[in-house]
Amino acid sequence: METIIQELRATLAKMDMAMGAIHEAIFWTDEIGNLQWCNETFADLAGKPRALLFGHRIVDILPLMQDGAPLDANMHPVAMTLADGMRHYGIYDYAGRGMQGRIEMQCFPLNEDKTHCCTVGTVLYLDGMVSMSFGSVQGVALAESANAIGIVAVDGSLSWVNSAWERSTGLSRNECCGKSLEQAVGCGQITGEMLASLRAGGVWSGEVDSHNATGARRVERVTLTPLFSRRGEILCAVVVKHDVTALRESQEAAYEQEARLHAILEQVVDAIITADEVGTIEAANPAALSMFGYSLTEMLGANVMMLAPPDVAPHHSAYMARYVSGGEPRIIGIDREVEARRKDGSLFPVDFSISEVRTGTRRLFTAIVRDISKRKFWEQELLQLNRSLQAKQASIDETLVSAAEVQRSFLPEHVRQSRGVDFSWIFIPCDRLGGDMLGALELGAHGRFLALYIIDVAGHGVPAALVGTALVQALQHGAENFAADGVTSPARVLHALERQFPHKRFGRHSTLFYGVLDTVSGTFVYSSAGHPLAFVVRADGKLERLDKGGTILGIGAPLGYEEGAAQLGRGDKIVLYTDGLVELENSRGDVYGEERLLPLLTGHAGCDADGMIKALHADIEAFADVAPTDDISVLVTGMPSGEEKTDAKP
Amino acid sequence: MRNLELVESVHGDVAVLTLSGRFDATAASGVKEQIRQMAVSGHRNVVLDMAAVTLLDSSGLGVLVASLRTLQGYGGRLAIGGVEQKVRVVLELVKLHKVLEVFPDRDTAVRALHTGEGAVL
């Protein structure tokens with residue numbers, strides 16, 4: 001008996017030593033969770049000699065942490081196994097007396113009889129990897145893998161998942177364990193295939209496209225690998241999931257892009273042709289086929305030379321060889337107009353650009369060709385039309401120049417001295433032809449009377465010039481007729497014009513100033529039809545406006561034509577002008593105005609007529625930086641102050 | 001440079017055409033045609049509100065004369081209601097203020113065409 005006891009003790013001691021040599025900590029508890037036995041590794045982990053640990057609650061000996069907080073005693077794997085009689089497993093943070101770090105703890109139920117449940121457990125110190133067995137390292141590697149890894153039990157439910165799985169599903173390990181494969185993978189149809197494959201003992205691999213609870217798409221590469229026992233029975237299966245959402249989406253985007261490009265190439269009206277380094281056509285779009293008249297079969301494999309005009313084709317190979325061997329590009333990247341050749345040999349103008357594409361070691365050339373036959377035709381038409389318009393415009397210009405010459409022939413000589421009176425004027429039409437007219441006319445015996453007039457026909461250009469010319473002729477005719485009868489009344493001349501030029505005749509009105517100067521007496525009698533733009537400038541610079549008259553010509557003289565008179569002495573001048581002068585506007589929007597004109601007249605009262613005109617002309621040019629929009633006319637007549645001009649007698 | 005804006009309104013049996021901006025060659029034919037249309041459509045008495053006209057040139061004057069003739073042809077009247085100093089000077093220069101009926105403002109002009117009262121400028 002004693003021998004048996006000694007042998008038993010020796011066996012126990014050997015077992016104890018054997019257990020102590022194992023790297024994993026091993027323990028068992030009684031039915032209330034007190035430590036019954038543990039190996040040395042466990043004691044090292046707990047930080048106390050074994051004798052002091054026995055009989056104490058394991059939840060106190062191994063206080064566990066999870067997510068930075070102490071683990072509730074009820075959630076301790078030992079407590080859970082004692083409560084439900086199931087295996088419990090977990091990775092925890094441990095901060096005991098012996099050491100600190102991550103541990104992996106498994107707890108199995110041990111039923112000594114039907115009523116009492118004890119537990120047996122193992123603890124693996126994960127941070128002590130160096131001393132771990134290769135199998136343990138593999139376990140940790142699986143647990144920490146970036147891929148989501150799960151173990152599926154034979155009944156198709158998940159029995160373990162790693163951290164990556166937890167992260168990818170947003171569920172904790174405890175929440176995942178026990179779920180069916182379908183729930184875990186998220187696609188019923190594929191799960192059926194997987195399970196069928198599993199039952200047949202094969203590996204299933206494929207992609208699973210699913211949406212999570214928030215509707216976000218997830219594509220995962222899933223591999224399901226069965227594990228067999230030595231007897232060939234399936235023990236469980238390992239599921240590895242790899243998130244390929246980003247990869248799949250970028251591939252899909254690339255496919256879509258390619259499809260769109262293809263559609264564009266098919267629809268585009270430009271011919272797009274791709275050839276290799278020696279000019280062999282590798283691709284051509286439908287537009288290229290219809291533009292050149294070839295079928296796709298004829299086009300592919302042919303040389304691009306067949307698309308070039310006969311005079312260019314022989315040199316084409318040399319061009320390409322020269323470029324390919326490192327020569328200067330003559331056409332690459334340059335858009336230019338050239339001729340192309342259809343299958344029937346006809347030539348047509350094209351816009352042609354070519355670009356080089358390198359794929360790996362290959363060099364491809366893509367030409368974009370646009371048929372510009374129609375554009376060329378219309379360019380030619382437009383050119384022709386333009387030439388014809390230019391010719392017509394030249395003819396109109398010539399006519400206008402001639403008309404302007406005719407109009408100018410009605411103007412008096414620029415500077416004139418007649419019977420002791422001097423005379424000067426400016427006429428600046430805003431078109432080639434003006435609506436302004438001015439002039440002087442000698443009347444009476446020996447030309448004693450000098451008739452002066454200035455006319456402004458509304459508007460300008462050819463119609464205004466025609467009316468102006470007609471008015472001048474009528475005025476001269478009337479003035480001479482009346483003068484022949486010894487009458488020089490300006491009012492009578494205006495009444496006569498009023499009858500001949502009613503508003504409705506030309507649809508435009510005129511203003512007109514007409515006066516007669518007696519060169520002997522210096523008396524100036526005048527009247528105006530709405531044109532009081534007339535001053536007497538006295539030799540001392542004083543100004544008197546000549547404002548007698550009626551309203552504009554052509555509306556029936558409702559106010560009659562009142563006559564006025566002024567007596568001129570030596571050095572006095574009469575200045576007549578049109579509103580184009582005082583309404584002249586420069587680019588700043590300033591208006592010339594009487595405010596500028598009248599001081600200038602006063603300032604040049606001492607000059608002769610031509611001196612005053614020259615000063616005025618210079619001032620207009622200094623003021624106006626843009627072309628005038630109305631005709632400008634000014635007429636100055638005066639009695640010179642010099643003695644040599646005053647002795648004229650009739 | 002602002003183009004001339006035209007706004008038409010009717011006050012009883014008097015039609016009012018309000019002009020604002022430059023009444024020059026660019027605007028002339030538009031105004032002339034507008035008044036002719038008004039006359040054709042039965043508005044024989046027309047007030048031209050020129051209070052906001054900033055410039056009146058010889059083309060504008062031509063329109064005033066032509067429009068006066070047109071409306072008189074239909075047995076109607078043309079009255080000017082309100083003119084700025086610059087425009088008044090132009091009208092006075094060519095003595096058209098004595099030919100056209102010019103009133104201090106639009107409302108006076110409208111009342112005058114109702115009652116047949118004369119110009120008060």
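Throughout what follows, the structure given in this document is the object of discussion. What you see is a predicted model; the values in this text were computed from it and never measured.

### Digging into the sheet that holds strand E26 (residues 564-567) of chain A
Residue and element names in this part refer to chain A.
Point 1. Pairing is antiparallel in the open sheet, where five strands are placed in the order E20-E21-E22-E23-E26. Of all strands in the sheet, those with a lone pairing partner are strand E20 (436-443) and E26, marking the two edges. With direction set aside, neighbouring strand axes in the sheet form an average angle of 15°.
Point 2. For strand E21 (residues 449-457) and strand E22 (residues 510-518), the ladder comprises nine bridges, and the chain directions are antiparallel. Directly across from Tyr-453, in E22, lies its bridge partner Tyr-514.

### A word on the packing of aromatic side chains
All names here are of chain A.
Point 1. Summed over all chains, the structure comprises 10 aromatic pairs over all chains.
Point 2. Between Tyr-89 and Trp-160, the aromatic rings sit 6.3 Å apart at their centres with planes inclined by 80°, giving edge-to-face as the arrangement. You can see Tyr-89 sitting in strand E5 (residues 88-95) and its partner Trp-160 sitting in strand E9 (residues 158-161), a full 71 residues away along the chain. Comparing Tyr-89 with Trp-160, the two get one shared label, buried.
Point 3. An aromatic cluster is built from Phe-513, Phe-524 and Tyr-526, whose rings are joined through pairwise contacts.
Point 4. Against the face of Phe-348 rests Arg-342, its NZ or CZ located 4.2 Å from the ring centre.
Point 5. Above the face of the Phe-501 ring, Arg-505 is positioned so that its terminal group lies 5.2 Å from the ring centre.

### Brief notes about the side chain of Ser633(A)
Point 1. Here Ser633(A) lies in strand E28 (residues 632-638).
Point 2. When residues no more than four places from it in sequence are discounted, the contact partners of Ser633(A) are Ile426(A), Phe427(A), Asp436(A), Leu438(A), Ile454(A), Leu576(A), Tyr577(A) and Thr578(A).

### Focus on the pattern of salt bridges
Point 1. According to the stated counting rule, one finds 35 salt bridges over all chains in the structure shown.
Point 2. Residue Glu220(A) pairs with Arg218(A) through a salt bridge whose shortest N-O separation is 3.6 Å.
Point 3. The shortest N-O distance in the salt bridge between Arg22(B) and Asp24(B) comes to 3.5 Å.
Point 4. The class of Arg22(B) is buried, set by a relative accessible area of 17%.

### A look at the interface of chain B and chain A
Point 1. Counting from both sides, the interface comprises 17 residues of chain B and, opposite them, 23 residues of chain A.
Point 2. Of the roughly 1,400 Å² buried between chain B and chain A, counting both surfaces, carbon and sulfur atoms make up 60%.
Point 3. A per-residue breakdown of the area chain B buries against chain A is headed by Ser58(B), Leu93(B) and Lys95(B), which together make up 36% of the total.
Point 4. Put simply, chain B and chain A have one salt bridge between them.
Point 5. At the junction of chain B and chain A, the tally comes to three residue pairs in polar contact (both at pLDDT 80 or more).
Point 6. The greatest single-element share of the side of chain B that touches chain A, amounting to six residues, is contributed by helix H2 (residues 58-73) of chain B.
Point 7. Grouping the constituent residues of the side of chain B that touches chain A by class yields nine nonpolar, two polar and six charged.

### So, the packing of helix H16 (residues 462-484) of chain A against helix H17 (residues 490-500) of chain A
All names here are of chain A.
Point 1. Interhelical geometry of H16 versus H17 gives an angle of 135° and a closest axis separation of 10 Å. Here H16 is positioned oblique relative to H17, judged by the angle of their axes. As H16 runs across H17, the sense of the crossing is right-handed. Within the contact between the two elements, H16 uses Leu-471, Ala-474, Leu-475, Ala-479 and Phe-482 and H17 uses Arg-492, Val-493, Ala-496, Leu-497 and Gln-500.
Point 2. When its residues are assigned to classes, the contact of H16 with H17 shows eight nonpolar, one polar and one charged.

Criteria and cut-off values
- Residues numbered from 1 in each chain as written.
- Chains lettered and ligands numbered in written order.
- Predicted model: local features only at pLDDT ≥ 70, side-chain atom pairs only at ≥ 80, totals over all residues.
- Heavy atoms only, no water.
- Pairing = 2+ DSSP bridges.
- Helix = DSSP H or I, 4+ residues; strand = E, 2+ residues; numbered from the N terminus.
- Axes fitted to C-alpha atoms, helices over the stretch in contact; angles between N-to-C directions.
- Phe/Tyr/Trp six-rings, centres within 6.5 Å; stacked < 30°, edge-to-face > 60°.
- Buried < 20%, exposed > 50% of the residue type's maximum accessible area, 1.4 Å probe, protein only.
- Lys NZ or Arg CZ within 6 Å of the ring centre and 35° of its normal.
- Contact = heavy atoms within 4.5 Å.
- Salt bridge = Lys/Arg side-chain N within 4 Å of Asp/Glu carboxyl O.
- Buried area = accessible area lost by both parts, 1.4 Å probe.
- Polar contact = N/O pair within 3.5 Å; in protein donor to acceptor, adjacent residues only side chain to side chain.
- Nonpolar A, V, L, I, M, F, W, Y, C, P; charged D, E, K, R; others polar.
- Parallel < 35°, antiparallel > 145°, perpendicular 65-115°, else oblique.
- Left-handed = near helix turned anticlockwise from the far one by under 90°.

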